[in-house]
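Single-letter residue listing:
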Amino acid sequence: MGYFERALVAAVVIGAGAGFVGALVVLRRRTFFAQALTHGTYPGAVAAAALGVSVPAGAAVASVALVAVMAGIARIRRQGAQVAAGIVLTGGFAAGALLQAMIPGLPVQAESLLVGSILTVSDADIVLAASVALISFAAVALVGKEVAFSTFDPAGFRAAGYREWPVELLVLALTAASVVSSLPAVGAILAIALIAAPAAAARLVVGSFRGVLLAAPVIGAAAGVIGVLASRALAVAAGPAIALAATAFFLLALGISKLRGLPWKRVDIPVETAEDARIA
Amino acid sequence: MSLSDALFTAFSIPFMGRALLVMLVLAVVAGVVGVLVNLRGLEFISDGLTHAVFPGLAIGLVLGGTAGLVPGATIAALAGALALTWLDRAGITPDAAIAIVLTATFSVGVIVVSKSDDYAGALEALLFGRVLTIPPDEVAPLVVVSLIALAATALTLKQQLFRAFDARGSRASGNSALALDLVLNGAIALVVVAAASTIGTLLVLALLIVPGAAARLATRRLWWLFPVAALFAAVGSWLGLAAGFALSVGAGFDLPAGATIVGVFVVGYAVVLAASWLVQRARARRNPDTRPPSGGAARPAVAPAVGALGEGR
């Protein structure tokens, strides 16, 4: 398998996995949280590269620490979840930049961590992304009903006697895992594109929870493949090309949903005479 | 090197003095605008704007060299402010829409930069800033851009606060919500422009978010929020520049100045957070049966829930 075929496989696997988890993220409105995770894992990746351990492992450790910090700040009065996400996001980025400056001679380029390099993914990266995707499919297959309930009716979910934190924790863990596994392909900055855009596009054209869960991975995988092919054809960087392909799908879906809203079918205005009314 | 060398004498060097001047102006403006960002819950929109500015910087750099940075960024930022104001009002899953806008614009920027010759160097300068290498003739445009943002906010400050705390009342008494949103998003965009070409697009968000959040912890009085936030930002920038200088010259680490400033900001926020937690505990112990009075400045905006972790508190 050449590097280009491997990149295509990686694009399909990562696009599908991120699209699937992204459906949960978008429906539960955790996009800014996911964004903070993608940026905050940067110092973890730099530290892992410096220590010589695998980059996804470092990013995973960093994301666990970040989730704890965000949960802590969000609980403080007059702060809240958005402030927590913003502070973790910028703090993480600054820490990454400082680490990189302090450790000379890093084997990894900053740019490849930030915007990704799908043409150099390893088999291990693909296996990791595939297992994250499979685990999230399995988790949603097992407890999908509870996830849907808590997503669309949190108050009813609590009233029915369920506790919210297990579902929240599950979605957070899946989000973090998906962010970490899509880092090699699209990098810390653009990972949010593969999470948000396919799901937002699916949501515009599909009406049901199950439909969004099925459509988002397909759109994500398609965006990945189109991005990689476009990056070869037009000689541009692959990560941005994938992100733009995902955006194009969103714009397409936006157009379709707007067109669908137009009154296409002409319906005859019912004319009912007094005679008709008496017979009926 | 002694402490006073790093804190005071260092700024007599021309490039350090210029950096301090620009950072102080930025800090005051960003502190004031940041309080409104905090009260309105516009953190994610600000993040969207920081990314939307990036292609403007990149195109400006390609077309006009470093002199093209500020004009390019201004055009991109104002376009981004218009787009995000519209998206916010359209109300279709606003947070996902912001995420899509910001990655799309960012991708355009990366592609533009990647077409230029010095890809890695240019990308890093745009992402992490070049506060220490601002040429003297760029100081004036940056200060002017910041002051326009400050003036726009100051002139509409009363209406902005009315809208933040009582959106319907503000509309009913004849204030245009669209105009207020456009002014505020435009002011944020201008701060982003000025800050992006100094501390870099990725770290601008810290200037906008951290001082406002720290001020909310430090005081409950509404009008004190603005001076406290500006002071926090100013002191943070000064200490950040000094720390970067001391570590780079004294200890031999080659630290990027922008990242050092943001690091100092985050550390400062942690200190304020710990202090306010201790004060609250001490107060609760002194009179255990009275709940702490609810804050004079509660976070009013109906912001999209980003994490349910802190809701309902």
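As a reminder, the structure under discussion sits directly above these lines.
Residues numbered from 1 in each chain as written. Chains lettered and ligands numbered in written order. Predicted model: local features only at pLDDT ≥ 70, side-chain atom pairs only at ≥ 80, totals over all residues. Heavy atoms only, no water.

Enquirer: Would you mind going over the packing of helix α1 (residues 3-27) of chain A against helix α8 (residues 165-205) of chain A with me for this structure?
Expert: Each packed pair of helices is defined by two parameters, the angle between the axes and the distance between the axes. Residue and element names in this part refer to chain A. Viewed as axis vectors pointing N to C, α1 and α8 meet at an angle of 60 degrees, and their least axial separation amounts to 6 Å. Relative to α8, the crossing made by α1 is right-handed. Its residues placed into classes, the contact of α1 with α8 shows 17 nonpolar, seven polar and one charged. (Axes fitted to C-alpha atoms, helices over the stretch in contact; angles between N-to-C directions. Helix = DSSP H or I, 4+ residues; strand = E, 2+ residues; numbered from the N terminus. Left-handed = near helix turned anticlockwise from the far one by under 90°. Nonpolar A, V, L, I, M, F, W, Y, C, P; charged D, E, K, R; others polar.)

Enquirer: I keep staring at helix α10 (residues 177-199) of chain B and nothing clicks. Help me out?
Expert: Each α-helix turn comprises 3.6 residues. Residues three or four places apart therefore point the same way. Here α10(B) spans 32 Å end to end across 23 residues, near enough to the 33 Å set by a 1.5 Å rise per residue. Where α10(B) terminates, the next one or two residues include B:Gly200, which has phi positive at roughly 95 degrees. (Expected span 1.5 Å × (residues − 1).)

Enquirer: Which parts of the structure should I look at to understand the packing of helix α2 (residues 14-40) of chain B against α10(B)?
Expert: All names here are of chain B. Where α2 meets α10, the closest approach of the two axes is 10 Å, and the angle between their N-to-C directions is 145 degrees. In the packing of α2 onto α10, the handedness of the crossing is left-handed. Of α10, the residues touching α2 (which contributes Val22, Met23, Leu26, Val29, Ala30, Val33, Leu36, Val37 and Arg40) are Asp181, Leu184, Ile188, Val191, Ala194, Ala195, Thr198 and Ile199. The class makeup of the residues in the contact of α2 with α10 is 14 nonpolar, one polar and two charged. (Contact = heavy atoms within 4.5 Å.)

Enquirer: Looking at this model, I keep getting lost on unusual backbone geometry. Mind explaining?
Expert: Leaving glycine out, the prevailing phi sign among residues is negative, and the prevailing peptide bond configuration is trans. Residue and element names in this part refer to chain A. A positive phi angle, near 55 degrees, is found at arginine 29, a position not held by glycine. In this fold, arginine 29 is placed in the loop between α1 and α2 (31-51). Not every positive phi belongs to a glycine, and alanine 235 is a case in point at roughly 55 degrees. Tracing the backbone through its elements, the reader meets alanine 235 in the loop between α9 (209-234) and α10 (238-261).

Enquirer: Would you take a moment to explain the interface of chain B and chain A for this structure?
Expert: A common way to express how large an interface is: the accessible area buried when the components associate. Between chain B and chain A, the contact holds 67 residues from the first and 53 residues from the second. Interface of chain B and chain A: buried area, both sides summed, is about 5300 Å²; carbon and sulfur atoms make up 70% of it. Viewed at the interface, chain A and chain B are joined by zero salt bridges. Elements represented by at least two residues in the side of chain B that touches chain A include exactly α3 (43-64), α5 (94-115), α6 (119-128), α11 (204-218) and α13 (257-286) of chain B. Ranked by the residues each element gives to the side of chain B that touches chain A, the list is headed by α5(B), at 14 residues. Tallied by class, the residues present in the side of chain B that touches chain A amount to 42 nonpolar, 14 polar and eleven charged. (Buried area = accessible area lost by both parts, 1.4 Å probe. Salt bridge = Lys/Arg side-chain N within 4 Å of Asp/Glu carboxyl O.)

Enquirer: Got a minute to help me understand the packing of aromatic side chains in this structure?
Expert: Each aromatic ring pair is characterised by the separation of its centres together with the angle its planes make. Considering all chains together, one arrives at nine aromatic pairs over all chains under this definition. With a centroid separation of 4.3 Å and 35 degrees between ring planes, the pair formed by A:Phe32 and B:Phe44 is classed as tilted. Taken together, the residues span two chains, with A:Phe32 in helix α2 and B:Phe44 in helix α3. The same class applies to A:Phe32 as to B:Phe44, namely buried. Measuring from centroid to centroid gives 4.7 Å for A:Phe157 and A:Tyr162, while their planes differ by 5 degrees, and the two rings are stacked. Overall, A:Tyr162 belongs to the partly exposed group, its relative accessible area being 38%. Among the aromatic side chains, those forming a connected cluster through ring pairs are A:Phe149, A:Phe157 and A:Tyr162. Between the NZ or CZ atom of A:Arg232 and the centre of the ring of A:Phe4, over which it lies, the distance is 3.9 Å. (Phe/Tyr/Trp six-rings, centres within 6.5 Å; stacked < 30°, edge-to-face > 60°. Buried < 20%, exposed > 50% of the residue type's maximum accessible area, 1.4 Å probe, protein only. Lys NZ or Arg CZ within 6 Å of the ring centre and 35° of its normal.)

Note that every value here comes from positions in space, so none of it alone points to a role or purpose.
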